[in-house]
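# Architecture and fold: a report
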Amino acid sequence: MCGIIGGVTNQNITPLLLSGLKNLEYRGYDSSGIVVISDKRLLERQRSVGRIANLEKKLIIKNLHGEIGIAHTRWATHGKPSDENAHPHISNSISIVHNGIIENYVNLKNQLITKGYEFTSDTDSEIIAHSIDFAMKTCKSLTSAVQKVVKTLEGSYGLGVISSNFPNKIIAARKGSPLIIGVGKKGNYISSDQMALLSETNKFIFLEDHDIAEIKIDQIKIFDMNSNQVERPIVISNIKAGEVDKGKYSHFMQKEIFEQPQAIRDTLESRITNDKVNCSAFGHNAEKIFKSIKHIQIVACGTSFNAGLVAKYWFEDISKIPCNVEVASEYRYRRPILLDKTLFITLSQSGETADTIEALKSAKKLNRSINSLCICNAAESSLSRISDLVFLTHAGPEIGVASTKSFTTQLVAMALLVCSIGKLKNTIDVDSENLIVQGLKKLPGLVNDALLSDSAIKSLAKSFKDKTSSLFLGRGTMYAIALEGALKLKEISYIHAEAYPAGELKHGPIALIDEDMPVVAVAPNDELLVKLKSNLNEVKSRGSQMIVFEDEKSNIKSLDSMKVFQVTSNLGRITAPIIFTIPLQLLSYHVALVKGTDVDKPRNLAKSVTVE
Ligand code: M6R
């Protein structure tokens, strides 16, 4: 999704803006641009479609020099990727960068046209530049002009504004789209995420919705929606600049797959004491809330939704509490029945996914009595700030667009939650808790073992070279793992991949099966294995090439048409879905390499989807 960086310093800001844009690349974008206020008090801009490298080339020909500037990576929503549609946009002395969507832009645009403004892009964002320019005719300061304009905007915005008439300040504003201020030694900065600023500072102020900030080299003033000056805390980030390097790996995704044993260890740390799960790890009030709840509603998107689906099986099977799971973009626009005593759980790596945030907000309106818990990988995210309880997965920064370690650590978090709720509601006894805890403690080692299949899976991936479509099958929690495997494959290799509960195959999808359609099945030795084996026979007899991941007791025979990979030893209900995720991640990674795609930045995708 779009990214913002800006700053006011006592040295040339362009190199910092450029390196910041590179650090924002992982969010997904299709054009980029920079504007600075030059020594002659003029706005100087460069924009380019495609990779940041293209912008860099233009900057070699016409360099920009100034101590104050803003820059942007654009992920197209309104208007195709082009130089004209790239940000920053300019209106006379005003320049802006914008993340989010302005829903009433057509009306505002028409009004501005009647006032004589000419539009040079197809974006919704350009209206903000012209509106501020127009507001400057009656406002005394740039800050008050921005305050006036944002009141007219419907939709979401993270906004950076500069004016060549006020060459010492940046105005930042946010509503529904993340924006932070970096407090540095050589200057102050704005960005849509910490990654872009880690080289300059680890001190951040997280703006709240409707905040407007006036940022100078030596002073930061923040105003709330009523224009009252407010204090927002400075948070010290513990993310290190080095953590966002690829290190010895070829891709961030590969690094993040191999970081999973440590990410799981970090997520478990201090959440289990003396072999007992600490319910208080979910927040001070968690025990009281968990004791009172009767239903669980999980809402999430993409990979996080798949983690929620695994958890649904666990909640009902293990802690005997009814649980629904739904994709956030559907939930937020339905009129669902949200019963009293529901624990509303949002799962999100970034904590900034617009649909998930809005689903939580709409749930709170539907039933004020519910309690919310956010399971998230980003401290101080928008989602965590509006949730009653927060549990941070400690996966560390995830840069690859395809989620990997955030998924497995979400599952660890959910396992701890299932256990906590079960204990407090007396549906899990001491022995069952012990079994879960021992399984979780073994997990980092088991994930390490599963990662050893890397080279075998690399060879296997070659068979996908000419494939255009594939099916993933599983039963029970493995259906959710099949969904996750299929999502990974389509995201980064662009091979069409669909996942089905294996029992559903005969109700339609089996018609697709022929020798060109590889079928990947996840087959641990659990109570559904016999049923799954019959489903696999149905596929085999229709000539498909199959790849089956099993454990040592599944006992599935390898044939010419069926390659069987033993992933690991026999596993428990909690550990199995986590371990079987690993070979599917490796498969999609290696298939993407075979296909030659951009693994970390797959086409059209954004890391964190902060617009609808
Ligand atoms: O940050 P979130 O977990 O809320 O993101 C949700 C999805 O956008 C995300 O999981 C997406 O599906 C990933 N690209 C999957 O690899």
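Here's what I pulled together on the structure shown here. What you see is a predicted model; the values in this text were computed from it and never measured.

### Description of the overall build of the chain
If you tally the helices and strands in the chain, you get 18 helices and 27 strands. Taking 612 residues into account, the globule formula puts the C-alpha radius of gyration at 25 Å, and the chain, at 25 Å, falls close to it. With the C-alpha coordinates of the chain rotated into their principal frame, the extents come out at 75 × 55 × 45 Å. Sorting the 612 residues of the chain into buried and exposed places 60% on the buried side. Of the contacts formed within the chain by residues at least 6 apart in sequence, a portion of 71% connects residues at least 24 apart. As presented, the chain carries roughly 24,200 Å² of accessible surface, and 49% of it is formed by carbon and sulfur atoms. Across the chain, the centroid of the 73 positively charged side chains sits 2 Å from that of the 66 negatively charged ones.

### As for the state of the cysteines
All told, the structure shown has 0 disulfides when counted by the stated rule. Free cysteine: Cys-323, not disulfide-bonded; nearest cysteine sulfur from Cys-419 at 16 Å. Not part of a disulfide, Cys-419 finds its nearest cysteine sulfur in Cys-279, a span of 7.9 Å. Relative accessible area serves as the criterion here: at 0%, Cys-419 is assigned to the buried category.

### Concerning the sheet that holds strand β21 (residues 371–376)
With parallel pairing, 5 strands are arranged side by side in an open sheet as β19-β18-β20-β21-β22. The sheet is open, and its two edges are formed by β19 (323–327) and β22 (389–392), each paired on a single side. Along the sheet, successive strands turn relative to each other by an average axial angle of 20°, direction set aside. Looking at chain direction, strand β20 (residues 342–348) and β21 are connected through 6 bridges and run parallel. Bridge pairing in β21 places Leu-343 opposite Asn-371. In this fold helix α9 (residues 302–317) packs onto β18 (295–300), β19 and β20, with an angle of close to 170° to the strand it touches most, β19. Each of β18, β20, β21 and β22 is contacted by helix α13 (residues 405–424), which is oriented at about 165° to β20, the strand it contacts most.

### Concerning the site of the ligand
What surrounds the ligand is a group of 13 residues, the closest being Ser-304, Ser-348, Ser-350, Thr-353 and Glu-491. Measuring from an oxygen atom of the ligand, one finds a side-chain N or O atom of Ser-348 at 2.6 Å. A distance of 2.5 Å separates an oxygen atom of the ligand from a polar side-chain atom of Thr-353. In the complex, the protein chains occlude 93% of the 410 Å² of accessible area that the ligand would expose alone. When contributions to the shell around the ligand are tallied by element, the ones reaching two or more residues are α9 and α16 (477–493). Top contributing element to the shell around the ligand by residue count: α9, with 3 residues.

### Side note on the pattern of salt bridges
Counting across every chain of the model gives 19 salt bridges. Two residues, Lys-405 and Glu-259, come together in a salt bridge whose shortest N-O distance is 2.7 Å. Taken as a pair, Lys-405 in helix α13 and Glu-259 in the loop between α6 (252–258) and α7 (260–268) lie far apart in primary sequence, 146 residues in all. For Glu-259, a relative accessible area of 22% translates into the label partly exposed.

### Here we look at the environment of His-507
Inspection of the secondary structure puts His-507 in the loop between β24 (496–501) and β25 (519–523). Residue class for His-507 comes out exposed when judged on its relative accessible area of 57%. Along the sequence, His-507 and Tyr-331 sit 176 residues apart, while their C-alpha atoms lie 27 Å from each other.

### A few points about the packing of α7 against helix α14 (residues 430–451)
A pair of packed helices is captured by two measures, namely the crossing angle of their axes and the spacing between those axes. Running from amino to carboxyl end, α7 crosses α14 at an angle of 170°, the nearest separation of the two axes being 8 Å. Between α7 and α14, the interaxial angle falls into the category roughly antiparallel. Counting all contacts with α7, which are made through Gln-260, Pro-261, Ile-264, Arg-265 and Leu-268, the residues of α14 involved are Leu-440, Leu-443, Pro-444, Val-447, Asn-448 and Leu-451.

### Here's the deal with the environment of Asp-133
Topologically, Asp-133 is positioned in helix α4 (residues 126–135). As for Asp-133 and Thr-123, which are separated by 10 residues in sequence, their C-alpha atoms are 17 Å apart. What Asp-133 contacts, discounting residues up to four positions off in sequence, is Ser-91, Asn-92, Ser-93, Ile-94 and Tyr-117. Within the structure, Asp-133 has its side chain in polar contact with the side chain of Asn-92 (distance 2.9 Å).

### Focus on the sheet that holds strand β3 (residues 43–49)
The 8 strands lie next to each other as β3-β2-β4-β1-β10-β9-β11-β15, forming an open sheet whose pairing is antiparallel. For this open sheet the edge positions go to β3 and β15 (234–236), each flanked by a neighbour on one side alone. Neighbour-to-neighbour, the strand axes of the sheet open up by a mean angle of 20°, direction not taken into account. Here strand β1 (residues 3–9) runs beside strand β10 (residues 187–191); their pairing, made up of 5 bridges, is antiparallel.

Reading the values: rules and limits
Throughout this description, residue numbers start from 1 for each chain and increase along the sequence as written. Side-chain atom pairs in this predicted model are given and counted only at pLDDT of 80 or more, local residue features only at pLDDT of at least 70, and totals for whole chains, interfaces and linings cover all residues. Water and hydrogen atoms were dropped before computing side-chain values, which therefore reflect all heavy atoms in the structure. The secondary structure listing takes helices from DSSP runs of H or I that are at least 4 residues long and strands from runs of E that are at least 2 residues long, numbered from the N terminus. As a reference, a globule follows 2.2 Å times the number of residues to the power 0.38, and the radius of gyration itself is taken over C-alpha atoms. Burial classes follow relative accessibility: with a 1.4 Å probe on protein chains only, a residue under 20% of its type's maximum area counts as buried, one over 50% as exposed, and anything between as partly exposed. A contact between two residues is defined here by any heavy atoms of the two lying within 4.5 Å. Per-residue and other accessible areas follow the Shrake-Rupley method at a 1.4 Å probe size, with only the shown protein chains counted as cover for residues. Residues scored as positive are Lys and Arg, those scored as negative are Asp and Glu, and His as well as the terminal groups of each chain are ignored. Charge coordinates come from a single atom per side chain, which is NZ of Lys, CZ of Arg, CG of Asp or CD of Glu. What counts as a disulfide here is a pair of cysteine sulfur atoms lying within 2.5 Å. Whether two strands pair depends on DSSP finding at least two bridges between them. Here, axes are lines fitted to C-alpha atoms. For helices the fit covers the stretch in contact, and angles between N-to-C directions go from 0 to 180 degrees. Here, proximity means that at least one heavy atom of the residue falls within 4 Å of the molecule or strand. Throughout this description, a polar contact denotes any pair of N or O atoms lying within 3.5 Å of each other; where both atoms belong to protein, one of them has to be capable of donating a hydrogen while the other can accept it, and for residues adjacent in sequence the pair is counted only when both atoms sit in side chains. Counted as salt bridges are all cases of a side-chain nitrogen of Lys or Arg within 4 Å of a carboxyl oxygen of Asp or Glu. Orientation is classified from the angle alone, with under 35 degrees giving roughly parallel, over 145 giving roughly antiparallel, 65 to 115 giving roughly perpendicular, and any other angle giving oblique.

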